[in-house]
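Overview (structure and organization)
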Amino acid sequence: MNLLAVFLLLLGVRLASVFLVQTYFVPDEYWQCLEVAHKLVFGYGYLTWEWIRGIRSYIYPLLFAGLYKALALFHLDTTTLLVLAPRILQALISTFSDYRFFIWSGKKKWSIFLITISWFWFYTGSRTLSNTLEASLTTIALSYYPWIGEGTGYIWPAAICCFLRPTAVIIWIPLFMYHLGNSKYSPYKLIFTKLVVIGALVGASCVAIDSYIHGKLLITPYEFFKYNVLQGVGSFYGTHPWYWYYSTGLPMILGINFLPFLFGSIDTVRNYDAFPIRRKLLVTLMTSLTVYSFVEHKEIRFILPLLPICLFVCVDVLTRWSYKASRYQIWIVAVILLFGNIVPAYYSGQVHQRGPTDLMPKLQEISKIYKDEGNNRASIFFLMPCHSTPFYSHIHENVTMKFITCEPNFQLQYGERPVDEQFYEAPNIWIKRHIPVHPKTAMPTHLVLFESLSDKISEFLESYSLIHKIAHAEVSVHIVEKMSSNNIYISVF
């Protein structure tokens, strides 16, 4: 099989996802990456509490900061390129990981098929999420892991992965233990001349970068552990029952591919000694899911790095089945898997939660050209759940923008509730306390809100007019503009 053709095919699919996936997934894609890079390069942007308290590493945002800087030097820092270029860069990284998955899977045709049609990977593979990079690095590391023979090359991407996302260590502990038991190296040599040395080099480099940017010694994995594990801050953002990853999370990211994965898992358990690689992978998978299940706050993206493990099992199952199946049967299964992935990929990438991405060009236009009677630029207030849209990285205009914060209240012992809870409990009271109406120039020139809120704050909205309305899943997003002194305004539906 022509390896260049395979790589170009994988590249084409991943680049296509940049332009076909036009929806909003989770805030971290923008607020924990692009917004940080934008502030580093252009001097304005919003840093969430995670960056103020140092629980995130700057390594990933620095990739895009470098990209932004290059665009700025050549005067190519248009909003369109600032939005597209980071996704293209991540798509290139994901393409290489896809190629390594193909190599790791024994260059089987089913591996190309499954990695390209996987709906959740198509949906996330070009997103600027640290989880996406984590999944790519995990795949690359797994492809270099010594399933047969000897090698320690996998430790490098695994170490980077563990520093960027400390939870990744859960995946690599059982795999390293397997390597330790089967290695030709002595345990002492493998641990102290390979693992410790590589880990120290990677860790020292990352600590140096983060400490330099923060201006003080900072070990982000420790800060991550302190806030998320010791203080349980993660549960502030929602909790799920312990079995959620088993009942919902894993079946969701696999979609219809869950069927061959389930069959392969059962087959591996029944014939434990016949599939040594699948056995190791399933032990790693179950260990990871079990540990993740003890954490109250759960999100589907947290288990994205487990996707290549599941797809490897699927590839192995379908390849062995194909040896006995007829060509007609193979085509039937392939078509079922294809359409079973296309439907959720289309809905999630083109329909569900599309509002925030469609909204930003309109806000960018307003930020660029709007001037009020006093020649003041636009000031935008997002009256919606925090981080519901991208921010300065998609506006690229240094205008005033505010939103209702949702930072964990580290002073809860004093009885003060988080800001977003105060707002949604009594929005009119909150607005009267926090948005001045005199003089009129102190009021935001534009508001962005969900339709469901408009009736609750109708009195306040009397000073504004609807100028834009867009669809967002099951609800609508409104942009309202402050009326001019002669009450002339426009409405766009």
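Below is a summary of the structure that appears in this document. (Residues numbered from 1 in each chain as written. Predicted model: local features only at pLDDT ≥ 70, side-chain atom pairs only at ≥ 80, totals over all residues. Heavy atoms only, no water.)

A look at the pattern of salt bridges
Opposite charge on two side chains permits pairing when their charged atoms draw close. Selection criterion: Basic side-chain nitrogens of Lys or Arg form a salt bridge, by our definition, when they fall within 4 Å of a carboxyl oxygen of Asp or Glu. Numbering of helices and strands runs from the N terminus; a helix is a DSSP stretch of H or I covering at least four residues, while a strand is a stretch of E covering at least two. Exposure is judged per residue with a 1.4 Å probe applied to protein chains only, and the accessible area is read against the type maximum: over 50% gives exposed, under 20% gives buried, and values in between give partly exposed.
With the rule as written, the count across this model stands at 13 salt bridges. Of the charged contacts in the structure, one is a salt bridge between D28 and R301, with a shortest N-O distance of 3.0 Å. You can see D28 sitting in helix α2 (residues 28–42) and its partner R301 sitting in the loop between α15 (276–293) and α16 (307–322), a full 273 residues away along the chain. Both residues of the pair, D28 and R301, belong to the buried class. Close ionic contact of R377 with E397 constitutes a salt bridge, the shortest N to O distance being 2.7 Å. Pair noted here: R377 is in the loop between α18 (355–369) and β1 (379–383) and E397 is in the loop between α19 (392–395) and β2 (400–403), with a separation of 20 residues, a long-range link. The network of salt bridges with common partners includes D28, R56, E299 and R301.

Here's the deal with the environment of W31
Here is the rule we go by: In what follows, a contact means two residues having at least one pair of non-hydrogen atoms within 4.5 Å. Any N or O atom pair separated by 3.5 Å or less is treated as a polar contact, with the protein-specific requirement of one donor-capable and one acceptor-capable atom, and with residues adjacent in sequence counted only for side-chain atom pairs.
Mapped onto the elements of the fold, W31 is located in helix α2. The spacing of W31 and E365 is 334 residues in sequence and 21 Å in space, taken between C-alpha atoms. When sequence neighbours within four positions are dropped, the list of residues in contact with W31 reads Y24, V36, Y46, T48, W51, H387, T389, P390, F391 and F403. At a separation of 2.8 Å, a polar atom in the side chain of W31 contacts the main-chain carbonyl oxygen of T389.

Looking at the state of the cysteines
What counts is decided by this rule: By disulfide we mean two sulfur atoms from cysteines, separated by a distance within 2.5 Å.
Counted according to the given criterion, the structure contains one disulfide. The disulfide bridge from C386 ends at C406, spanning 1.7 Å between sulfur atoms. Looking down the S-S bond of the C386 and C406 bridge, the torsion is 75°, so its handedness is right-handed. Residue C386 is located in the loop between β1 and α19, and its partner C406 is located in the loop between β2 and α20 (419–425); the two are separated by 20 residues in the primary sequence. C310 carries a free sulfur, and the closest cysteine sulfur to it, the one in C314, is 6.9 Å from it. By relative accessible area, which is 0% here, C314 ends up buried.

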